[in-house]
Amino acid sequence: MKRIIAIILSAAVMLMAGCSSVQEPVTTVPLDPETITVGDVAGTIEGDRYISHVGGVAFKLSGKYSAEWPDSDKRNILMCDYTDIDIDGPWFVWEKKASIKIDYVLDERLKADAMKEHTLEEWNSTSKYPIKSMEYLDFTVSGKTCRGIKSVLDNNGRDVATLQLYFFQDNGLLVLFTITGINDKEVDKIVKNIQFA
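Now for a look at the structure at hand. (Residues numbered from 1 in each chain as written. Predicted model: local features only at pLDDT ≥ 70, side-chain atom pairs only at ≥ 80, totals over all residues. Heavy atoms only, no water.)

1. Regarding the environment of Lys101
At step 1: Here Lys101 shows up in strand β6 (residues 98-105).
At step 2: A sequence separation of 33 residues divides Lys101 from Glu68, and the C-alpha atoms of the two residues are 9.3 Å apart.
At step 3: Dropping the residues within four chain positions of it, Lys101 is found in contact with Pro70, Asp88, Gly89, Pro90, Trp91, Leu176, Phe177 and Thr178.
At step 4: Within the structure, the side chain of Lys101 is placed 3.0 Å from the backbone oxygen of Gly89, a separation counted as a polar contact. (Helix = DSSP H or I, 4+ residues; strand = E, 2+ residues; numbered from the N terminus. Contact = heavy atoms within 4.5 Å. Polar contact = N/O pair within 3.5 Å; in protein donor to acceptor, adjacent residues only side chain to side chain.)

This is the structure we're talking about:
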């Protein structure tokens with residue numbers, strides 16, 4: 001009996017240890033263009049989570065996933081020398097079930113465009129797949145409110161759930177999350193693992 005209790009307690013401790021990293025605080029650093037690089041904004045993987053200390057964002061990584069880092073050749077450019085209007089952060093994919101892409105928008109005009117109320121026709125003209133439904137919502141993520149666009153795409157007769165979340169940080173960055181999943185449940189799992197400073 002003592003052995004069974006010890007095994008259960010060990011499993012509980014391991015489970016709590018596995019879940020605790022999403023609750024670790026997100027430490028931040030100021031966005032100083034003279035010392036901060038594009039890579040600092042784009043973030044890194046630290047242990048079992050992705051984190052951007054400049055962006056004030058973390059994301060708990062679990063399960064089997066692949067990670068892509070667009071624009072990795074730009075990581076060492078200082079922000080004062082960076083002329084693009086946004087920074088491509090990582091793209092995490094879970095075995096064709098779900099994905100999250102994290103981007104950092106710098107340009108004020110692009111920020112206004114990103115938050116503009118798109119019509120169904122505009123989305124259909126730019127989307128790879130036709131949009132079946134779309135709604136604008138406010139989401140609470142990690143205790144903070146952000147704007148979101150939730151939609152269902154038609155992928156050759158199969159529904160794909162999508163969610164775009166827009167979060168304005170105090171340092172002027174707009175953090176844009178693009179999440180897709182085979183259903184709302186997969187999308188919700190990803191949202192629950194996002195953490196803000």
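After presenting the structure, the write-up continues.
2. Examining the side chain of Ser151
At step 1: Take Ser151: it is sitting in strand β8 (residues 144-155).
At step 2: The exposure class assigned to Ser151 is buried, which follows from its relative accessible area of 3%.
At step 3: For Ser151, the side chain forms a polar contact with the side chain of Thr162, separated by 2.4 Å. (Buried < 20%, exposed > 50% of the residue type's maximum accessible area, 1.4 Å probe, protein only.)

3. As for the sheet that holds strand β9 (residues 158-168)
At step 1: With antiparallel pairing, seven strands are arranged side by side in an open sheet as β4-β5-β6-β10-β9-β8-β7. The open sheet has two edge strands with one neighbour each: β4 (66-68) and β7 (131-141). Geometrically, the sheet is characterised by an average inter-axis angle of 15° between neighbouring strands, direction not taken into account.
At step 2: Bridge count between β9 and strand β10 (residues 174-181): eight bridges; the pairing is antiparallel. Considered in β10, the bridge of Leu165 is made with Phe177.
At step 3: The strands that helix α5 (residues 184-192) touches are β5 (86-94), β6, β7, β8, β9 and β10; relative to β10, the one it contacts most, it runs at about 145°. (Pairing = 2+ DSSP bridges. Axes fitted to C-alpha atoms, helices over the stretch in contact; angles between N-to-C directions.)

4. A short note on the packing of aromatic side chains
At step 1: One pass over the full model with this rule turns up nine aromatic pairs.
At step 2: Look at Tyr50 and Trp69: their rings are 6.1 Å apart centre to centre, the planes differ by 45°, and that puts the pair in the tilted class. Residue Tyr50 is located in strand β2 (residues 49-52), and its partner Trp69 is located in the loop between β4 and β5; the two are separated by 19 residues in the primary sequence.
At step 3: You can call Trp69 partly exposed: its relative accessible area is 26%. (Phe/Tyr/Trp six-rings, centres within 6.5 Å; stacked < 30°, edge-to-face > 60°.)

5. Some remarks on the sheet that holds strand β1 (residues 44-46)
At step 1: If you trace the four strands from one edge of the open sheet to the other, you get β1-β2-β3-β11, paired in antiparallel fashion. Two strands close off the open sheet at either side, each with one partner strand: β1 and β11 (194-196). Between one strand and the next, the sheet's axes are offset by a mean angle of 25°, whatever the strand orientation.

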